[in-house]
Amino acid sequence: MEKEHLFKVLVIGDLGVGKTSIIKRYVHRIFSQHYRATIGVDFALKVLNWDNQTVVRLQLWDIAGQERYGNMTRVYYREAVGALIVFDVTRASTFEAVMKWKEDLDVKVTLSNGKPVPAVLLANKSDQSSEGLRTQIPKLDTFCKENGFVGWFETSAKENTNIDAAAKCLVGQILAHD
Ligand code: GDP
Ligand code: MG
């Protein structure tokens, strides 16, 4: 029997880190320098043929305009089963904000068994060389362990690097908890 899952996944992180670009790349296979900043919440659906028995429908929730407040309403988080938390490797302040996003997530939503929802960390814009943050990257393994991320990936929405891999990692974790 084929099994079909619908998973609500949040894409969060500071303004300009590349959330919308990552979703567009992942779902629509395109990249553009300019996306209109729609105010509110936007959705995109990605269907994955996970294996012979399993179809995964990923509902990706984008945010626009509210990132500046560094937190979202509970309504936005409701029933989410996973999150991609994004920072921009060229801007250290966006990495510092990652913990704030993770805390907001953990405070506002948990799985039905009470556990935190799996979150994967994305170090985006890896196509732009940045010595400063590059030196931090070896420490990301430790950072993830200490802060409850299931893993991290260096991604580029521009060059389509590691976005599929990051999503796959997250879905694997979600299925393991399901
Ligand atoms: P959001 O505010 O988090 O949704 O960020 P956007 O997706 O709107 O991206 C902000 C800016 O960063 C845009 O000009 C994008 O073209 C650019 N951008 C996003 N991802 C990448 C990337 O991987 N590499 C580069 N070089 N630019 C990116
Ligand atoms: Mg956006």
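Right, let's walk through the structure included here.

What counts, and at which threshold
Residues numbered from 1 in each chain as written. Chains lettered and ligands numbered in written order. Predicted model: local features only at pLDDT ≥ 70, side-chain atom pairs only at ≥ 80, totals over all residues. Heavy atoms only, no water. Helix = DSSP H or I, 4+ residues; strand = E, 2+ residues; numbered from the N terminus. Rg over C-alpha atoms; globule rule 2.2 N^0.38 Å. Buried < 20%, exposed > 50% of the residue type's maximum accessible area, 1.4 Å probe, protein only. Contact = heavy atoms within 4.5 Å. Areas by Shrake-Rupley, 256 points an atom, 1.4 Å probe, with all protein chains shown as cover. Lys, Arg positive; Asp, Glu negative; His and termini not counted. Charge placed at Lys NZ, Arg CZ, Asp CG, Glu CD. Core = buried A, V, L, I, M, F, W, Y, C linked by side-chain atoms within 4.5 Å. Near = heavy atom within 4 Å. Polar contact = N/O pair within 3.5 Å; in protein donor to acceptor, adjacent residues only side chain to side chain. Nonpolar A, V, L, I, M, F, W, Y, C, P; charged D, E, K, R; others polar. Patch = residues over 30% accessible without salt bridge, like charges linked within 9 Å, V, L, I, M, F, W, Y side chains within 5 Å. Salt bridge = Lys/Arg side-chain N within 4 Å of Asp/Glu carboxyl O. Phe/Tyr/Trp six-rings, centres within 6.5 Å; stacked < 30°, edge-to-face > 60°. Lys NZ or Arg CZ within 6 Å of the ring centre and 35° of its normal. Axes fitted to C-alpha atoms, helices over the stretch in contact; angles between N-to-C directions. Parallel < 35°, antiparallel > 145°, perpendicular 65-115°, else oblique. Left-handed = near helix turned anticlockwise from the far one by under 90°.

A few words on the overall build of the protein chain. Looking only at helices and strands, one finds 6 helices and 6 strands in the protein chain. Listing the helices and strands of the protein chain from first to last along the sequence gives β-α-β-β-α-β-α-β-α-α-β-α. Whereas a compact globule of 178 residues would reach a radius of gyration of roughly 16 Å, the protein chain reaches 15 Å, a difference of no more than 12%. Projected onto its principal axes, the C-alpha coordinates of the protein chain cover approximately 50 × 35 × 35 Å. Taken across its 178 residues, the protein chain has 47% of its residues classed as buried. Of all intrachain contacts in the protein chain linking residues separated by at least 6 positions in sequence, the fraction that spans at least 24 positions is 73%. Of the roughly 9,200 Å² that the protein chain leaves accessible, carbon and sulfur atoms contribute 49%. Across the protein chain, 23 positive and 21 negative side-chain charges occur, with their mean positions spaced 3 Å apart.

This brings us to the environment of valine 55. Mapped onto the secondary structure, valine 55 falls in strand 3 (residues 54–64). On the basis of relative accessibility, which here comes to 9%, the residue valine 55 falls in the buried class. As a C-alpha pair, valine 55 and lysine 3 span 52 residues in sequence and 6.2 Å in three-dimensional space.

Buried together is how nonpolar side chains tend to be arranged in soluble globular proteins. By size, the foremost hydrophobic cluster in this structure holds 28 residues, and its most contacted members are Leu10, Ile12, Tyr77, Leu105 and Leu121. If you list the elements that add at least two residues to this core, you get strand 1 (3–12), strand 3, helix 2 (74–77), strand 4 (82–88), helix 3 (92–108), strand 5 (119–124) and helix 5 (140–147). Not counting residues within four places of it along the chain, the set of residues in contact with leucine 121 comprises Ile85, Phe87, Phe95, Val98, Leu140, Phe143, Cys144, Phe149, Gly151, Trp152 and Phe153. One finds Tyr26, Ala44, Phe153 and Leu170 within the second-largest nonpolar core, a separate group that totals 25 residues.

So, on to the site of ligand 1. In the neighbourhood of ligand 1, 19 residues make up the surrounding shell, with Gly16, Lys19, Ser21, Asp127 and Ala157 lying closest. Here an oxygen atom of ligand 1 sits 2.9 Å away from a polar atom, N or O, in the side chain of threonine 20. The separation between an oxygen atom of ligand 1 and a polar main-chain atom of lysine 158 is 3.3 Å. Protein burial of ligand 1: of its 580 Å² of free accessible surface, 85% is covered by the chains. No other element matches the 3 residues that helix 1 (residues 19–28) contributes to the shell around ligand 1. For the shell around ligand 1, the per-class residue count stands at 4 nonpolar, 9 polar and 6 charged.

A few words now on a nonpolar patch on the surface. Taken together, Leu6, Leu45 and Val47 make up a surface patch of nonpolar side chains, about 260 Å² in accessible area. With relative accessibility at 43%, the residue valine 47 sits in the partly exposed group.

Scanning the model with the defined rule gives 6 aromatic pairs in all. Where phenylalanine 143 meets phenylalanine 149, the ring centres are 6.0 Å apart and the plane angle is 25°; that geometry is what we call stacked. Comparing phenylalanine 143 with phenylalanine 149 shows no difference in burial state: the two are buried. The positively charged end of lysine 8 is found above the aromatic ring belonging to tryptophan 61, 3.5 Å away from the centroid. Above the ring of tyrosine 26, the side-chain terminus of lysine 46 is found at 4.5 Å from the ring centroid.

All right, on to the packing of helix 3 against helix 5 then. The N-to-C vectors of helix 3 and helix 5 enclose an angle of 20°; their axes lie 12 Å apart at closest approach. By the criterion of interaxial angle, the relationship of helix 3 to helix 5 is roughly parallel. Between helix 3 and helix 5 lies a crossing whose hand is right-handed. Between helix 3, through Phe95, Val98, Met99 and Lys102, and helix 5, the contact on the second element is made entirely by Leu140, Phe143 and Asn147. Across the contact of helix 3 with helix 5, the residue classes break down as 5 nonpolar, 1 polar and 1 charged.

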